[in-house]
Structures are given as C-alpha cells and as structure tokens.
Amino acid sequence: REAKVLASVNHTNIAAIHGLEEDAGTNFLAMELAHGVTLEQVIDQGAMSVEDALKVAVQMAAGLEVAHEKSIVHRDLKPANVKLSTEGQVKILDFGLARAYEGEPEEAENQETSPTLTAAMTQAGVILGTAAYMSPEQARGHQVDSRTDIWAFGVIMFELLSGKRLFRGETVSDTLAMVLRSDPDWDSLPTDLPPSLRRLLKRCLQRDRRQRLHHIADARIVMEEILIDGTSAHEAVASSMVGAAGPAGRMVRAGWLFAALLAVTAGILGWKVTQAPAPEAETPVHFSLEMPEGTWIANQRLSLAISPDGNQIVMALNTPQGRQLHLRSLDSPEIKPIPGTERGSSPFFSQDGRWLAFTQDNRLRKVSLEGGTPVDLCLTEWGGGTWKSDGSIIITRSYAGGMDLVPADGGKSVQLTQPDIESGELGHWWPQLLPGEEWVVYTSFSTPIDRARIMAYSLETGEHKLLASGASYGRWSPSGHLFYVRDGMLWAAPFDREALEATGNAEPVLDDVYYEGTDGYSNLVFSPNGTLVYVTASVMNAPLELVSVDRQGVMTPLGFESGIYEAPRLSPDQSQLAVGIQDGQNRDVWLQDLERGTRSRFTFSEASDFAPVWSPDGRSVFYCREEPQFSIYQRPTDGSQEPQLILMEKVDTVPTSISPDGNLLVYTCSGVEMDSDLWVLALDGSSEPRPLLRTPFSENMGVVSPDGKWLAYVSNESGREEVYAMPFPDGGPRIQVSIEGGNEPQWSPLGDEIFFSHRSGILTAAVDLEQTTATTLAVGRPRLLFSGAFDICPYGNSYVPTADGQRFVMVHIPTASMPRTVNVVLNWFTALDNRSLPGAR
C-alpha cells in the first residue's frame, strides 16, 4: 500500500519513494533519505517561536494538500513522522497507514487491532504518541477522511507553539479519553499569538468534524498571509477588528468598517469612471529567448510547452550531459533545468499548471513543478498529450496507435480510438481536449503528410468528425480559430466550437514555422490567454556538416558543403557515402564520392526517401520511401535500373541492416497494437517476411554482426532504451550490452566492438571473440569514447564507423547552427486580429 500511495504523491515536503524492490523473496522500499530531526525531538526542546512554527506548519500543510488532492489521507500524522532539516525543510514520512479514502473500499476494521494501536506494544511512548494524535472519529473506529489529518495537524501545531503535549495520559485508554473529552489548554499558547492563528487552531481541533476546517489549503493560506504580513502586524489588525470588545462592540465596529469600505469603494469607482480613459486592446509584445551557452533546442517531437496562464515555458534542450527539460518563467531571467527530467521530451502542462507530463525513456511520466521525483504513469514510445480536469491524461502511446486514456495515478490505460489501417490511416496524434471535455481534436496521420486530416473525437459517443483535410497538428484556440500547420506555415480558420465546424476560409497567418514533414508536428504552442511560443524553420533547419571523428573526439570536415544531413552510411569499399539530405519538406538519398569530393542525387521521387542501407557487395542501396506508408525500395548505385519495390506493408517499415551474405534484410516494423518490432525478409523471395523479435515492448535499429551470427538492437523492455544482442538469424537468449541507456548500435568491422550512442556521446563495448560461443556473447563494460554536438536521426543511426574502426563519419551541429532562439509573442490573439505578426499573411 505504501508503495502505491507514495508513487502517486509527489511533493517536496513528502519523502519520495524511488522504487519497490525485491531481493531473495523479500520486498522492500527504496526511500528518499530525509535528513534532520523529527518534530518530536523539536517539541521536547520546548516551544518554537510563532514565526518558526508557522514556517514548519506551512510546509506540512502544503504536503498534505497534495496528498488530499489525490484523495489520500495519512491517518498517522504525528511529530515523529515529520522531519525538519537544518535548512528548515519539512518532510512528511511514513505513509504506511495511508488509505485512499475515495475509490478504495473502506474495510471493516476493529480499532483494537488496528496498526495504529498495536505497533510496538511494548514501547509505550510509541503507542501514546500515536494515540495522542488520533482524531476523535478515528479513536472511535469510524471512517476517516482528510479532516482526520487536519485534526492531527492542529495537535502538532499546538505542541510546536506551546512546547507541551496536548493529550498525554498514563495509558492508551487515558490518552484516548483525553482525545475524546478533554479541552485544550488554550492559555498555554503564547500571549502574542495572532488571533487569526488562534482561531485557525480552534477550527482544526473541533471534535465534531462537521465543524472542523474542511480543507488544509485554507490553513496554508491563512498561515502564509500571517508570515507575509508579519505576526505583529497581523495581530494588530486582528485585534482592532475583533479585539476584547464583546459581540455588540464587534458588530458596531464591523458596521463602521463596512460603511467606510463602501464610501471608499464608491469614491474609487467614481474616479475611475470620470478619469480613466476607455480601455484599449492590449498591444502585442514580441521578443526572443536565447538558450544558455552550450545548449540548443532538441529536435524531438514537441520540444515546447506553455502553462495555461502563459507565464511558464518548458523547453527540451540538448546539453553536454544530454537532453533535459528546462523551465523559464517570464517573470524571471533564468532558464533552469527541471530535476528528474533528463532525456525528457514532449512536455505538456496540467490544466492547473502545477504538473508537467513528459516522455522519458519510453515512459510517460509527470513531475510537480513545485519539486519532487517524477511519477511513472505508463509505457509509451510516442509523445504529446492533453490533461483532463480529473488528472487523467489522453495520449498516443505508439507511432501506429490510437489515443489512450491514462489514469491520473498511472496503471492500466483505456484505449479510446484505433486507426483504420486498411484506409491508410497510421495513427491518431497530437490530441487536444476542448472545453467541456467531450471532444478531443487530433491529427489523423497518413503518409505523405498532405493526406493527414484534423479530426475531432467524442469521449461520450465515440463519434469521429472531420475538421480539416491536408493538415496536421490541429489546435483550437479561445480566439475562436482552428489552427493547423501545412506547407511550413500556420493556418487559421474561424471556428464554431459548439457546431465543430469552420465558419470561414482558412488563411495562412504565420510563415517560417518549423514543421517536421515526416511526422507533421510543429514546435509551436500558445496559452489560452494568447501567449505564443514558437521556433522558426530557419532556426531549426540550420545547415549541418559531415565530419570524420577519431576515437578521441577530434573532428575533421569531409569537405562537402553544409546541408540538412541525416543517417550517413559508408559503402563497403569506403569510397562513397550514402546520406539523407532534406530540402524543404522533401528528403532524398544522395551519394557522396569521398575520393573526388563530388555528390550526386540518388532518389528522385516526390515522396521522401531516407534511411539508406548498402548491400554487402556495394552495388545497390536499400532505402525507405514514404509512399503511402514507409515502404522499402532497392536501386543499383550506378543508376542502371529504376527503383524496385522490395516490401510494402500497411504499417511503416524501415530497413536497418543486411546480412553479410546479402540474403536477409532486417527491418523495423511499427505495430498497430503497441510499439515496433524487428522483422527479417529473405531477399531471394524464398520465404515470407517473418518476425525476428516481437514483444510488447519496442525493438528497433537491428544491425547484423560482420560474421552474420549476432544482431545488436535497441529495446525499452527495462523501462528505458538499452542496447542488446542476440543470436542471428534464429534468435535466442539476449545479452544486454549497454548499462545506463543506449541507442544506435553499430558493429566494428572486425566484430570485436559494439558502438552505441548515449546522451551526446559515442560509447564502445569490447567483444571477446575467443570467449564468445554460439549462444553467449562475451561483452565488456562500456566506456565513453567521446561526446559532442552531433545530430540524432530518428529513423537510422546518425554515425557509421570506418573500416579500421578508428574513425566515425557523423553529422555535426556547428555552434553557429545550433537552434538556440525561441520566439515569444504576448497578446498574440490581438496580433492575429490585426495581422501584425512578422511574416503574417
């Protein structure tokens, strides 16, 4: 129970859980180490000052507030379960007795045998300490709710201020009797206690829980106000209003105050009516945010998010240590990394702006922006989602999947939609929940991208409705428009949200918008109050360079002009380089002659061609074509024949490797149910395609070893992407190669090393060929070769080793080409009306 509860509660004032583990049949929790002393030890030293006690109590209330919002009551809140560090930070411990009091059935419970009363029966102090903080309803064995914690909170607060135990008897029965009948000694509280704080304590300690304070957040607000105003000022104000006068005096004083307030208010309103000018529409404000030195915007799906109030921007940034989510508040000059979001991408805010969901290591996670450890929700290999008001999340979990509903605390998701593969529909992407929470706007993705559509799905009836054709990344805005991207521009159509239909023609309103032509997403977000954040295409698509890098990380340019390169592949004789080059929204494969320094275009279709793989004899290149799905083609390198279709499935297929004998093609196939799998095709046509590795997890980037006996590949079965190897072509026991995450495996030409990427570096794991058997691969511990600013290709390895294994051909991001600028427009809806945006049509 404790693992389940703590995994769903994330707050800086609650000790976090890092894992539920098992060793030799014993289950145990890995918990955050909370330093400091317990409040029990603090109270034993005497009363705290009012200000210090308030600082402790505010943090306790903040932690309980988060738990109560999750419908979780602690049930055993006491000074021994609260730690105070030397820096003054509070940590609430031991949710072992906590119960979800909504959604979990209340068990019949005998109070005489409850954990609270029977724990450590020989230690009277523990029993009395626990019993002394039980609410009256808990002591009677009645059902508990959040007001039980509020009672215990009031007791602890009372003891911090008085330095004395509130309920303490010689026996358990005596202590419980005091809880049920004895009134607190209010005279033991400090004489300078602000009256508002005294009233708060009395509200917390009402035996009739109907008269008790109902929400701990109300207590937090009162205490924060006292701290802000100062205890003496708060006391003076309170005394002047409710001081020592009797009820009649208070009523007279209140009447005079009310009359004075009305007079002042009337005067102010009258002055505003006569003096203030008529309000004008807010003027749009344009500015740019520069990323910190040495960081750049990650070219991942959805690298930006904005809070509902438009004040906070989250960005996925690449750093020398790898990718991490960063937060920039518009009222602060700093861009700060968000702890626990390393390797994170695709962020999006909760409706209240307090939580951030994101994708990390093929998992959907959420983290409180107030601090704490990220909470794991579910497995996903995709990105982008939308929150409901109850905390549940609608996401697309896989490339070729529909939308799923994920519970607020994680667990089994519910499938909402399923793409119609037969009609060429590949996925339901980029969901956005409309106000009223009945309809979800999403992109019905097909390839090529001009076949995509903007759709709406009803959560109540299951109906799908077409909103726009030939468009992707649809977004409704409170300005009354439906936005979407097409041809590298942002379009807007006036839209009736109730009727779910456009009321006029769509117009392009912003050009130079970054638009990923293969997946159809844009790094563009806006808040309901009209703050726009986006990255331009000219910034994201800055020129890259092809380089050769030695094992120490020293780079040498290959001498070709800069371009938007991806997935370089060396020919078997090392004389040519097949590489993807993007031009606008189109991709093609080009052949670069390394000896003469020339290059020639290899593919010429109107669709995108990418992910080249050389045949072992170097006479042809296999590649992927986006028409209509990702299909596999082959063409001789001398151009003597037209491209030949090798494989076309109803789901996307991407070639990754060919066996040394040239007989077997390994490719990744995106499944309809979940994630991607490894498949193999006999190129001589002797057999049908067959699955090589098919699991509930995601397997991709399979690469055959030089001797044809092993396959290195990537899987997220451990909860993050790691590199594995298994016997080829018949499969068998797999061996984990990477340790702390890995991607993009490549074999050295002799098969004595496996290279892979991790964060921004290239690592190597030595293979002991003498110790390797038919079923066992002897792999050493990975070590880092070098790291740097290198581009990552989502459909194939972004590097390739040379024949001697001493150098690597890679795509380098020059400092001048690093995308480091994010554009921000305040009051964008006004700019939209006036068409005053830069580049607006």
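Numbers given to residues run from 1 along each chain, matching the order in which its sequence is written. Restriction of local features to residues with pLDDT of at least 70 applies here, the model being predicted, together with a cutoff of 80 or more for giving and counting side-chain atom pairs; totals for whole chains, interfaces and linings are based on all residues. Water and hydrogen atoms play no part in the side-chain values, which are based on all heavy atoms of the structure.

A. Geometry of the overall build of the chain. In this text, helices come from DSSP runs of H or I with a minimum length of four residues, and strands from runs of E with a minimum of two, each type numbered from the N-terminal end. In terms of helices and strands, the chain carries 14 helices and 57 strands. Counting only residues that meet the buried cut, the chain has 55% of its 841 residues in that class. Partitioning the intrachain contacts of the chain with sequence separation of at least 6 by distance along the chain shows that 50% fall at a separation of at least 24. For the chain, the accessible area works out to roughly 36000 Å², and carbon and sulfur atoms hold 50% of it. Think of it in three bands: residues with accessible area under 20% of the maximum for their type are buried, residues over 50% are exposed, and the middle band is partly exposed, with areas taken using a 1.4 Å probe on protein chains only. The criterion used for residue contact is that any of the two residues' heavy atoms lie within 4.5 Å. Surface accessibility follows the Shrake-Rupley procedure with a 1.4 Å probe radius. Residue values consider only the protein chains on display as shielding.

B. Region of interest: the nonpolar core. Among the buried residues, those of types Ala, Val, Leu, Ile, Met, Phe, Trp, Tyr and Cys that are joined through side-chain atoms within 4.5 Å form a nonpolar core. Residues Phe153, Leu197 and Met223 are the most contacted members of the largest nonpolar core, which totals 51 residues. Among the secondary structure elements, those contributing two or more residues to this core are helix 2 (39–44), helix 3 (50–69), strand 5 (82–84), strand 6 (90–92), helix 7 (146–162), helix 9 (195–204) and helix 10 (216–229). Sort the elements by how many residues they give to this core and helix 3 lands first, with 11 residues. Leu426, Phe483, Trp828 and Leu832 belong to the second-largest nonpolar core, a separate cluster that totals 50 residues.

C. Representation of the packing of helix 9 against helix 10 within the structure. Put simply, helix 9 and helix 10 touch, their axes get as near as 10 Å, and they point 165° apart. As summarised for this structure, helix 9 and helix 10 are arranged roughly antiparallel, according to the angle between their axes. Judged by the sense of rotation from one axis to the other, the crossing of helix 9 with helix 10 is left-handed. Along the contact surface, helix 9 presents Ser196, Leu197 and Leu200, while helix 10 presents Ala219, Val222, Met223 and Ile226. Three classes are used, and their members are as follows: Ala, Val, Leu, Ile, Met, Phe, Trp, Tyr, Cys and Pro are nonpolar, Asp, Glu, Lys and Arg are charged, and the others, Gly among them, are polar. In the contact of helix 9 with helix 10, the residues fall into six nonpolar, one polar and no charged. Only the stretch in contact is used when a helix axis is fitted, and all axes are lines through C-alpha atoms; the angle between N-to-C directions ranges over 0 to 180 degrees. Here roughly perpendicular refers to angles of 65 to 115 degrees, roughly parallel to angles under 35, roughly antiparallel to angles over 145, and oblique to all remaining angles. It is the rotation of the near helix from the far one that decides the hand of a crossing: anticlockwise by less than a right angle makes it left-handed, clockwise makes it right-handed.

D. Representation of the pairing of strand 13 (residues 335–342) within the structure. Two strands form a pair only when DSSP identifies at least two bridges running between them. Inspection of the sheet shows strand 12 (residues 322–329) paired to strand 13 by four bridges, in the antiparallel sense. Within strand 13, the residue paired with His326 across the bridge is Pro337. Hairpin connection of strand 12 to strand 13: five residues between the antiparallel strands.

E. Spatial organisation of the sheet that holds strand 16 (residues 363–368). Spatially, 14-15-16-17 is the arrangement adopted by the four strands of the open sheet, whose pairing is antiparallel. For this open sheet the edge positions go to strand 14 (344–349) and strand 17 (375–379), each flanked by a neighbour on one side alone. Between one strand axis and the next, the sheet turns by 25° as a mean value, whatever way the strands run. As paired elements, strand 15 (residues 355–360) and strand 16 share six bridges and run antiparallel to each other. Residue pairing across strands places Trp355 opposite Ser368, the latter belonging to strand 16.

F. Quick look at the confidence of the model for the chain. Summary of the metric used: pLDDT quantifies the predictor's per-residue confidence within the range 0 to 100. Summarising the model, the chain shows a mean pLDDT of 82, and 86% of its residues fall at 70 or more. Counted against residues more than four places away or in other chains, residues 99–129, with its pLDDT under 50, gives 52 contacts. For the stretch residues 233–280, pLDDT sits under 50, and the model shows 22 contacts to residues farther than four places along the chain or on other chains.

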